[in-house]
Every structure is written in structure tokens, then in C-alpha cells.
Amino acid sequence: MRLVLLALFSLLTAPALAAALTFTGTLNGREIVVELTQPGDGAVAGRYAYLDTGGDIPLVPVSHNGGTWVLNEEAVCGDADCTLGDAGQVIEAPVAAVWQLDYDARDLHATGTRTIQGGKSKAQPLELTLIAWRTLGPSEEATAHGLHNRSAQLSYMDEWPLDWTSAPYEMLLMDVPLETRSDQRMSGHTFTYIVDPRTKFAFPRAVAFADGSAVGPLNKLLADRHARMNLGAFDCLALQYASYGVDSQWSIRGGFLGDYDNENVELQYLSPRLVSWTQSGSLWCTGAHPYNHFDSYTYDVATGERLEAGDFLTDWVPREWGAEPDAIADTDLALENPDAYLWGPGVELIAFVRERIPGDVFTGEAELDENCYNEKAIAEHLDIRLADGPSIVFTVNGYPHVYSVCTTDLFTLPLDEVKPLLRPEALAYFPGN
């Protein structure tokens, strides 16, 4: 039904600006989703993905003549079949197959063939149905790289909407059967974990709230977060192609899920108003070091906005980057120039936290413990999340790679003990407590 409604929407509207067209179809019996640019926006370029794997495959422009489009499906660079520039960048990648499509804008279909290069393979038939289109962003390149790069950015640009209007390709990519784990309970609420079989990590969903509140708003938020993590994994999977890498060294680093398949997500707090969870693991796809992490997330269900520690704690102040804990900056100036300042606990809150760090948190190595939990470290790395009870977990994270071992939960206090530290608007999240 969803596909029918989207197709009807396409019949009633036409892309007036530069647009990317989203198609569905099958290839060798496997469902695919395809995104192509329009001829009027330059040479027709695109990408496609098999729904059962999820990673993008580049479609590089060859020619177009009206509604007849020819594209090269890029192959992964081998040991000696990529043409490199002097700086090691990929100038020309091998071709896996040639796509020839005839697009009929009247019936919203494209038909043609995919001819595998090399050997004696026969041309494979292609029949694609236009489902939707979206307007290209003002700085978005109408290229295979530009289309894929937008999906990669959606994995971390939370302010960019991930919905059927602005991201139909990505939404179709997420439209696969999901596996559901057994129900669990927390403070009378029921929840479960959902697994996308392609990326393998489990992510929570609400099943029922104890007071009968609707679970839809929370599950919409959780599905959005789940999808963005999937896009991060699919980005790494696609980086095996030269069109998506910066040079030959980058392009050979993809082809796997970036260790998202070993990511551990655990629900920590659940209510109709707030949700908290942790994400931990060691993600790596490109770069010098893996992202070793144990991160806390708290969201306002009604607004869908992530809440930071400063949204809860009164003693949360700005400092210039690298400043000493007692060098508090002017709040108004910090609000006017947010990128120039780091917000963190005030001096009194730092003392409150350090006095309560239990002995079993420390490693026994004096220098390491000093670097992990001194006043400046707490000022720069303190975070909180919610836990069942309700209670507040004080935690530290975000250390540079060499000190990622410092990341840990410090201690947990019942809400009643933390109330003097909380903002009135934060207390309003906990009626009856």
C-alpha cells in the first residue's frame, strides 16, 4: 500500500528543481532500490543497493539521449585494475556491468538491461518502477559520490530529516523484515529489541507502557536512531568502491560493516516522556584509530530532541576549550559563539562527583587515574543518563583515543538524592517523584 500511495503522489507532482529519482525493482530475483539523477542536471548518475545487503554500488554516467540512459556499474578495485593519479587517487575504476535504461516519464517506469562485462554472460533484464523523488540539496553533487555521501551524512546529521519526503531512497532501504527478540519489562513497562538482519545489532523498541500511553512516538524516535546507525554501517560497506573513497587507500578500507555488527545497545530507562540507552563497541572503517566508546543517550520523547547533561543539571557552565576548571566563561558570549566553548560541570559539581567516585573505578595506576579523573578531566568528560528507579548515572566519556580506557560509569544515585542538582524543567519529567 505504501508503494502505491507514493506512486500516486509521483503522478500528481513533478520535480521542478534538480531532483533524484528513486526506483524499485528486481535484479536476478533480488529486490533492489535505485536512485538516479535527471538528465537536465548533467549526465545521469546514480547508485543502487540490494535490499538484502544494503551497501550502495555506484552507477557512473556514460551517456544519455532523452529517455535513454547508459551507466557503468563500478567494480571494486583489484590489485592492478584501477588507474591511479600521481597522488594515488583513483582516476578510473573497473566496470562490473553496463546499464542501459529507457525511461518513460508518462508511466513512471524504466526498462532495459544490465550487461556484465567479461565472459559470455547474457544481458540481465531490468524493470524499475519510479516510487518518489526528492530535491537535491543546494550543495549536493549530482554524482554517484554525491548521492551516497548524503546517506553517509544522514547517519550523523540528526537535524536532517530522515523521512519519505526528503529521503525516499534511504527509507526504502530500511523497509526490510526485522527480527524481534523476546519481551522484557522495566518498571511495569514492556520493551523488546529489534534486529535488522543485515547489520545484526539489536536496538530497543517499546511494546507497552504501564499507564497505557501510546508507544508510537517513542518507537518513531527509536526507529530513526536505528536507521541512522544502519546508514553508518552501510556507508562503510560501500567504501570498497573508488567512487565513494577519497583515493585508492581509502577505497580499499570498506566492504564490511565497520563493526556495527558487534555494537552493543542497552536500554537503561523507559517512560512515556524520556528514554535513555547506552551504545558501546569499537567502530572503525577509516582513519588512524577505532572509535572505542561507551556512550549514553537520553531523549525527550515528545520533541524527539537529544537531552544533554546541561539540560538536567543546574551547575553546568561554559569554558574555552582547554581552560582550567575555575576559568568559567561568560554565558551570553558562549551562547553567541557555541563552537568556541565547551560546556561542563561547575567547580561545585566537579567536587560533588569526585568525592563520590568509588574505589573500584580506579585502576591503581596513579598517573592513569590522575589523568582520567582529575578536576579537568571531569570538567571535560562528565556526562549523565537516566536509569531505572528513576535514578541518575554519572559517567565519563569522550576521551581521546590514548585515554579511551578511562571511559566508564562512575556511580548511580536515586533521583531523590540528585534533586537539589536538577533544573525545575528536568524535575517536571518525573511527576510523582
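On a predicted model such as this, the values are computed, not experimentally measured, just so you know.

Student: Break down the pattern of salt bridges for me, citing the residues and quoting the values.
Tutor: Summed over all chains, the structure comprises 16 salt bridges. For Glu-35, the salt bridge identified is with Arg-47, shortest N-O distance 2.7 Å. Note that Glu-35 is positioned in strand E2 (residues 30-37) and Arg-47 in strand E3 (residues 46-50), a separation of 12 residues in sequence. Accessibility classification places Glu-35 together with Arg-47 in one group, the buried group. One salt bridge connects Arg-225 with Asp-158, and the closest N-O pair in it is separated by 2.8 Å. On the criterion of sequence distance, the pair formed by Arg-225 in helix H4 (residues 216-238) and Asp-158 in the loop between helix H2 (144-154) and helix H3 (168-173) is long-range, its members being 67 residues apart. According to the relative accessible area criterion, Arg-225 is buried, its value standing at 10%. Residue classification places Asp-158 among the partly exposed positions, given a relative accessible area of 37%. Linked through salt bridges whose partners overlap, the residues forming this network are Glu-35, Arg-47, Asp-56, Arg-134, Glu-140, Arg-150 and Glu-170.

Student: Explain the sheet that holds strand E20 (residues 382-387) to me, using residue names and the numbers behind them.
Tutor: An order of E20-E21-E22 is seen for the three strands of this open sheet, with the pairing classed as antiparallel. Because the sheet does not close on itself, it has two edges, and the strands there are E20 and strand E22 (408-414). Adjacent strand axes in the sheet meet at a mean angle of 25°, parallel and antiparallel pairs treated alike. Bridge count between strand E21 (residues 391-396) and E22: six bridges; the pairing is antiparallel. By the bridge assignment, Val-393 is partnered in E22 with Thr-412. Along the sheet, helix H7 (residues 347-356) makes contact with E20, E21 and E22, crossing E22 at roughly 100°.

Student: I'd like to hear about the packing of aromatic side chains, residue by residue, with values.
Tutor: For the coordinates displayed, the defined rule picks out 16 aromatic pairs. Ring plane angle 50° and centroid distance 4.9 Å describe the contact between Tyr-48 and Trp-99, whose orientation is recorded as tilted. With Tyr-48 in strand E3 and Trp-99 in strand E8 (residues 95-104), this residue pair connects regions lying 51 residues apart in the sequence. Taking the relative accessible area as the measure of exposure, Tyr-48 reaches 0% and is therefore buried. Owing to a relative accessible area of 0%, Trp-99 belongs among the buried residues under this scheme. Ring centres of Trp-277 and Tyr-299 lie 5.3 Å apart, and the angle between their planes is 0°; this geometry places the pair in the stacked category. Taken together, the residues span a long stretch of sequence, with Trp-277 in strand E16 (residues 274-283) and Tyr-299 in strand E17 (residues 291-300) at a distance of 22 residues. Summarising the burial analysis for this pair, Trp-277 and Tyr-299 share the class buried. An aromatic cluster of three or more residues is present, and its members are Phe-203, Trp-277, Tyr-297 and Tyr-299. A cation sits over an aromatic face here: Arg-30 above Tyr-50, 3.7 Å from the ring centre.

The rules behind the values
Residues numbered from 1 in each chain as written. Predicted model: local features only at pLDDT ≥ 70, side-chain atom pairs only at ≥ 80, totals over all residues. Heavy atoms only, no water. Salt bridge = Lys/Arg side-chain N within 4 Å of Asp/Glu carboxyl O. Helix = DSSP H or I, 4+ residues; strand = E, 2+ residues; numbered from the N terminus. Buried < 20%, exposed > 50% of the residue type's maximum accessible area, 1.4 Å probe, protein only. Pairing = 2+ DSSP bridges. Axes fitted to C-alpha atoms, helices over the stretch in contact; angles between N-to-C directions. Contact = heavy atoms within 4.5 Å. Phe/Tyr/Trp six-rings, centres within 6.5 Å; stacked < 30°, edge-to-face > 60°. Lys NZ or Arg CZ within 6 Å of the ring centre and 35° of its normal.

By themselves these figures say nothing about function.
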